[in-house]
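Descriptive analysis of the structure
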Amino acid sequence: MTSLPRVAPRVAKLTVLSLGVALLATACGGSPAPSSSGSSSAAAAGIACPAPSATGAGTSAAGEAGTVPASATTTPTPLKIGSLLPTTGSLAFLGPPEIAGVNLGIKEVNDAGGVLGKPVEVIHRDSGDTKTDIATQSTTALLGQGVSAIVGAASSGVSKTVINQITGAGVVQFSPANTSPDFTSWDDKGLYWRTAPSDVLQGKVLGNYMATCGAQTVGMIVLNDAYGTGLAKNIQASFEAAGGKVVAQELFNEGDSQFSSQVDKVLAAKPDAIALVTFDQAKSIVPLMTGKGVKPTQIFMVDGNMSDYSKDFQPGTLKGAQGTIPGTFAKDDFKKKLLTIDPALKDYSYAGESYDAVNLIALAAEAAKSIKGTDIAAQLKAVSEGGEKCNTFPSCVTLLRNGKDIDYDGQSGPVTFSDAGDPTEAYIGIYDYQDDNTYKPAKEEFGKL
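The structure presented is a predicted model; accordingly, all values stated were derived computationally and were not measured.

Moving on, we come to the side chain of S155. Mapped onto the secondary structure, S155 falls in the loop between β4 (149-152) and α3 (156-168). A polar contact of 3.1 Å, which involves the side chain of S155, links it to the backbone nitrogen of V158. The contacts of S155, once residues within four sequence positions are left out, are L91, N178 and F279.

Structure below.
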């Protein structure tokens, strides 16, 4: 079997990014010198990542208000929020935490008395993936039921199929997980927003992180869609700016089921590390790579495939593999609240972003004193910046109803929007896979866009 090559040890040449990425962990100065035994282990291949420095435990910042004052303005009809999140398709594993985040947000808003004197209503619909027309059908159904905002889609590719339909109807589209840079300049009439940062940030972090681990060359297997190619472009730019070289990049399309050609071509280039920019296709790709001698410590994954593989792979298959997910680590108290909503929840990817989307929509409606989509959109930036800090609906709406300006910071981290509806600052979490093929938090990196 073929293993990846040894490389000479080196000091990772980190660039000073225009993003202002701040490394919260101490970067390694390079990998140990290879032994003279000719071992083809991952350590000899130059992969020696910085030691974990965070656990993701702890509690969220306090922010509960006492008695929430009644709204001075009431609405004759309740605010309706739709969700367009995946329960089928290649991103279905992301659906449960996102839907739980939405439902927790709705519950807490309604426990505090709702928006403008009425309980908020939520309507859930499946987004499917780009192989189907489910998202368009679901969007049509949601718009027909009079929603003012839609939380979703998770997939950037899916959002591209419905964004014009949603924003063209004067409805807010608020994605908790879209990361394609394309949405920053989309003609969305000011109605598209997201709590997940652009892949400009995730790509910068992952590219630099692979360099800190000692990799000098990287191969990439990339989903050929807006998400995959956009993220891969930013990973490559960052890695090469740090002194490395991408020696192979192989694309595949949504719906493909055979990946041997891509794996063989990437391994033929003998990279130190391999970045997988995929969705659940990783279930097929990882065994192909490890079967050909790739060490799990040489595998770097991204949010689209960071999942629980305990039922898919033999123990140890992914032990030591790492990956990135936008957003700060889910805190223990937030996880406990999510589990009251969905006791079967296994991971928490984008739960915080989904929860924050609901809170921000509800607070913007209160600030606007309106449930009209365009009025809500006009207040989203204002409730995210410049006022008194708060991080729950009860505490924030209490301030609003007392005539105060607010600055909502949420479970996904600080939320400060640009005029384009993008977060201007965010955390990227780095995670390590364990022997049981589940992942745990390792460290966080903070960046500004």
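Once you've had a look at it, read on.
Moving on: the packing of aromatic side chains. Going through the model one piece at a time under the given rule, you end up with 14 aromatic pairs. Consider the rings of F183 and Y192, whose centres lie 4.8 Å apart with planes at 20°: the pair is stacked. Neither residue differs from the other here; F183 and Y192 are each classed as buried. Centre to centre, the rings of Y209 and F300 are 6.4 Å apart; their planes meet at 75°, and the pair counts as edge-to-face. Here F300 lies in strand β10 (residues 299-301) and Y209 lies in helix α4 (residues 199-212), a separation of 91 residues in the sequence. No difference in accessibility class separates Y209 from F300, as the two residues are buried. Among the aromatic residues, those joined into a ring-pair cluster are Y309, F313, F329, Y431, Y433 and Y439.

Okay, the pairing of β4 next. Alignment of strand β2 (residues 80-85) against β4, held across 4 bridges, turns out to be parallel. Bridging across to β4, G82 finds its partner in I150. Following the backbone out of β4, through α3 and into the adjacent parallel strand β5 (residues 172-175), one traces a crossover that is right-handed.

On to the pairing of β5, then. Burial of β5 is two-sided: the residues V172 and F174 facing one way and the residues Q173 and S175 facing the other way are all buried. In this structure, β4 lies alongside β5, joined through 3 bridges in parallel fashion. Bridging from a neighbouring strand, A149 pairs with V172 of β5. Judged from the 3 bridges that link them, β5 and strand β6 (residues 192-194) form a sheet pairing that is parallel. By the bridge assignment for β6, F174 is matched with W193.

Structurally, the position occupied by K80 is in strand β2. Taking the relative accessible area as the measure of exposure, K80 reaches 24% and is therefore partly exposed. Setting aside anything within four residues of it in sequence, one finds K80 in contact with E121, Q145, G146, V147, S148 and A149. One polar contact links the side chain of K80 to the main-chain carbonyl oxygen of Q145, over a distance of 3.1 Å.

Right, let's get into the layout of surface pockets. Quantified by volume, the largest pocket comes out at close to 450 Å³. Every residue lining the largest pocket is counted, 24 residues in all, and those nearest its centre are K335, D347, Y348, Y431 and Y439. The set of elements that each furnish at least two residues to the lining of the largest pocket consists of β11 (322-326), α8 (332-341), α9 (351-368) and β16 (439-448). For the lining of the largest pocket, the class distribution of residues is 11 nonpolar, 7 polar and 6 charged. If you add up the space inside the second largest pocket, you get close to 380 Å³. Each residue belonging to the lining of the second largest pocket can be placed in one class, and the counts come to 6 nonpolar, 4 polar and 8 charged.

This next bit is on unusual backbone geometry. With an omega dihedral of -5°, the bond running from G152 to A153 counts as a cis peptide bond. Within the secondary structure layout, A153 lies in the loop between β4 and α3. Even without a glycine there, the phi angle at L116 is positive, about 55°. Turning to its location among the elements, L116 is positioned in the loop between α1 (95-111) and β3 (121-126). Located in the positive-phi region is K270, a residue other than glycine, with phi close to 50°.

Another aspect to go through is the pattern of salt bridges. In the structure shown here, the tally under the stated rule is 12 salt bridges. The shortest N-O distance in the salt bridge between D182 and K160 comes to 2.4 Å. A residue pair is termed long-range when its members are at least 10 positions apart, and D182 in the loop between β5 and β6 and K160 in helix α3 qualify at 22 residues. Among the residues examined, D182 registers a relative accessible area of 36% and is labelled partly exposed. E366 serves as the salt-bridge partner of R401, at 2.5 Å between the closest nitrogen and oxygen. You can see R401 sitting in helix α11 (residues 393-401) and its partner E366 sitting in helix α9, a full 35 residues away along the chain. When salt bridges with common partners are traced through the structure, they connect D129, K131 and E254 into a single cluster.

What follows concerns the sheet that holds strand β14 (residues 413-414). The strand order β12-β13-β14 describes an open sheet built from 3 strands, whose pairing is mixed. Bordering the open sheet on either side are β12 (388-390) and β14, each of which pairs with just one other strand. Lying on the sheet, α11 is in contact with β12 and β13 (406-410); it crosses β12 at an angle near 150°.

Parameters at a glance
- Numbering of residues starts from 1 in every chain and runs along the sequence as written.
- It should be noted that, the model being predicted, local features are given only for residues of pLDDT at least 70 and side-chain atom pairs only at 80 or more, the latter also being counted only at that level, while totals for whole chains, interfaces and linings use all residues.
- By convention in this description, side-chain values take in all heavy atoms of the structure and omit both hydrogens and water.
- Elements are defined by DSSP. Helices are runs of H or I of four residues or more, strands are runs of E of two residues or more, and each kind is numbered from the N terminus.
- Distance and chemistry together define a polar contact, namely a pair of N or O atoms within 3.5 Å, with one atom able to donate a hydrogen and the other to accept it when in protein, and with adjacent residues in sequence counting only for side-chain atoms on both sides.
- Contacts: residue pairs with any heavy atoms within 4.5 Å of one another.
- Working definition: a ring pair exists when centres of Phe, Tyr or Trp rings (six-membered ring for Trp) sit within 6.5 Å. Plane angles under 30 degrees give stacked, over 60 give edge-to-face, the rest tilted.
- Note on exposure labels: buried denotes an accessible area under 20% of the residue type's maximum, exposed denotes more than 50%, and partly exposed covers the range between, all computed with a 1.4 Å probe on protein chains only.
- In this description, strands pair whenever DSSP reports at least two bridges between them.
- Orient the strands so they point away from the viewer; a crossover is then right-handed if the path from the first strand over the helix to the second runs clockwise.
- A 1.4 Å probe that fits into a set of points on a 1 Å grid over the protein atoms alone but cannot get out defines a cavity; an open set with protein on both sides within 12 Å along at least five of seven lines defines a pocket, and lining residues are those with an atom within 4 Å of a point.
- Grid points are joined across faces, edges and corners, and a volume is the space filled by probe spheres set on the points.
- Residue polarity is assigned by list, with Asp, Glu, Lys and Arg as charged and Ala, Val, Leu, Ile, Met, Phe, Trp, Tyr, Cys and Pro as nonpolar; anything else, Gly included, falls into the polar class.
- Salt bridges are identified by distance alone: a Lys or Arg side-chain nitrogen within 4 Å of an Asp or Glu carboxyl oxygen.
- For every element, the axis is a line fit to its C-alpha atoms; helices are fit only across the contacting stretch, and the angle between N-to-C directions ranges from 0 to 180 degrees.

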